[in-house]
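# Coordinates in review
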Amino acid sequence: SNRALRPLTNLTKLDLSFNEKINNEGLTSLTNLTFLSLNNVRKVTGHDLFTSLTRLTQLRLYDGARSTLEKIIDLSASLTSLVIGKYSPMKLNNFVCVTLRYLTNLTHLDIDTCMLETYLKDTIPYPLMKLTKLTDLTFSGLFINNETLMTLTNLKSLNVVNSSKMDDIGLSHLRML
């Protein structure tokens with residue numbers, strides 16, 4: 001249980017990485033949090049994990065609970081930086097296809113999805129096109145197409161690994177940024 005965190009209401013940064021199980025009971029009182037890292041957390045229990053964390057702007061998730069991914073949508077108003085990686089294709093499917101497009105305030109997105117399967121890779125560009133505030137984009141194992149690049153006009157930093165759908169037309173658009 002995380003009840004011991006309850007009195008730490010002035011806390012702005014919290015890293016709970018490599019904890020086997022987290023109950024959000026202690027997290028809900030941490031309303032001043034702006035940074036939260038839940039790397040390698042296998043089980044997150046409780047309801048409304050992010051609804052009380054309205055100031056949270058940075059979130060890092062690696063290889064963790066699927067329920068955590070599903071609840072990120074509650075942060076759509078505040079979240080500006082998201083780092084997510086090492087999730088299996090099954091866990092990422094709903095997040096990428098549904099939730100990602102609602103995080104329109106994101107300026108930094110880092111997704112390591114080297115395990116994505118072909119059927120999912122083709123669905124990635126559409127949600128990315130909705131993230132027009134992105135200034136930093138890093139991903140591996142995703143496919144980004146020319147049309148998507150043309151909508152990301154605020155990009156300052158782009159790190160792409162294993163993207164076979166971006167061609168010279170897409171790359172030429174980057175010169176205009």
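Residues numbered from 1 in each chain as written. Predicted model: local features only at pLDDT ≥ 70, side-chain atom pairs only at ≥ 80, totals over all residues. Heavy atoms only, no water.

## Some remarks on the overall build of the chain
Counted only if it meets this: Secondary structure follows DSSP: runs of H or I at least 4 residues long count as helices, runs of E at least 2 residues long count as strands, and numbering of each begins at the N terminus. Burial classes follow relative accessibility: with a 1.4 Å probe on protein chains only, a residue under 20% of its type's maximum area counts as buried, one over 50% as exposed, and anything between as partly exposed. A contact between two residues is defined here by any heavy atoms of the two lying within 4.5 Å. All accessible-area figures derive from a Shrake-Rupley calculation using a 1.4 Å probe, and residue coverage is judged against the displayed protein chains alone.
Looking only at helices and strands, the chain has 6 helices and 9 strands in total. Out of the 177 residues belonging to the chain, those deemed buried represent 46%. Counted over contacts in the chain with a minimum sequence separation of 6, partners at least 24 positions apart contribute 38%. A total of about 8600 Å² of accessible surface is found on the chain, and carbon and sulfur atoms cover 51% of it.

## Concerning the pairing of strand β8 (residues 136–140)
Applied cut-off: In this description, strands pair whenever DSSP reports at least two bridges between them.
Sheet topology places strand β7 (residues 108–112) next to β8; 5 bridges connect them, and they run parallel. Its bridge partner lying in β8, Leu 109 is registered against Leu 137. Judged from the 5 bridges that link them, β8 and strand β9 (residues 157–161) form a sheet pairing that is parallel. By the bridge assignment, Phe 139 is partnered in β9 with Val 160.

## Description of the nonpolar core
Filter applied, for reference: Grouping buried Ala, Val, Leu, Ile, Met, Phe, Trp, Tyr and Cys residues that are joined through side-chain atoms within 4.5 Å yields what is termed a nonpolar core.
Formed by 34 residues in total, the largest nonpolar core has its most connected members in Leu 36, Phe 50, Leu 59, Leu 106 and Leu 109. Mapped onto this core, the elements with two or more residues apiece are β5 (58–62), β6 (81–85), β7 and β8. Those residues in contact with Leu 109 that lie beyond four places of it in its chain are Leu 82, Leu 100, Leu 128, Leu 131, Leu 134, Asp 136, Leu 137 and Thr 138.

## Considering the side chain of Asp 110
Note the following rule: Only four residue types enter the tally: Lys and Arg on the positive side, Asp and Glu on the negative side; His and the chain ends are excluded. Throughout this description, the term salt bridge denotes a Lys or Arg side-chain nitrogen within 4 Å of a carboxyl oxygen of Asp or Glu.
Relative to the assigned elements, Asp 110 resides in strand β7. No salt bridge forms around the buried Asp 110; measuring N to O, its nearest opposite-charge neighbour Arg 60 is 7.9 Å away. Discounting residues that sit within four places of it in the chain, Asp 110 has contacts with Leu 82, Val 83, Ile 84 and Thr 138.

## Concerning the sheet that holds β9
Selection rule: Helix axes are fitted only over the stretch in contact, all axes being lines through C-alpha atoms; the angle between N-to-C directions runs from 0 to 180 degrees.
Read from one edge to the other, the open sheet built from 7 strands follows the order β1-β3-β5-β6-β7-β8-β9, with strand pairing classed as parallel. With partners counted over all chains shown, the strands left at the sheet margins are β1 (13–15) and β9, one partner each. Neighbour-to-neighbour, the strand axes of the sheet open up by a mean angle of 5°, direction not taken into account. Both β6 and β7 contribute to a ladder of 5 bridges, which runs parallel. The residue bridging Val 83 from the neighbouring strand is Asp 110, located in β7.

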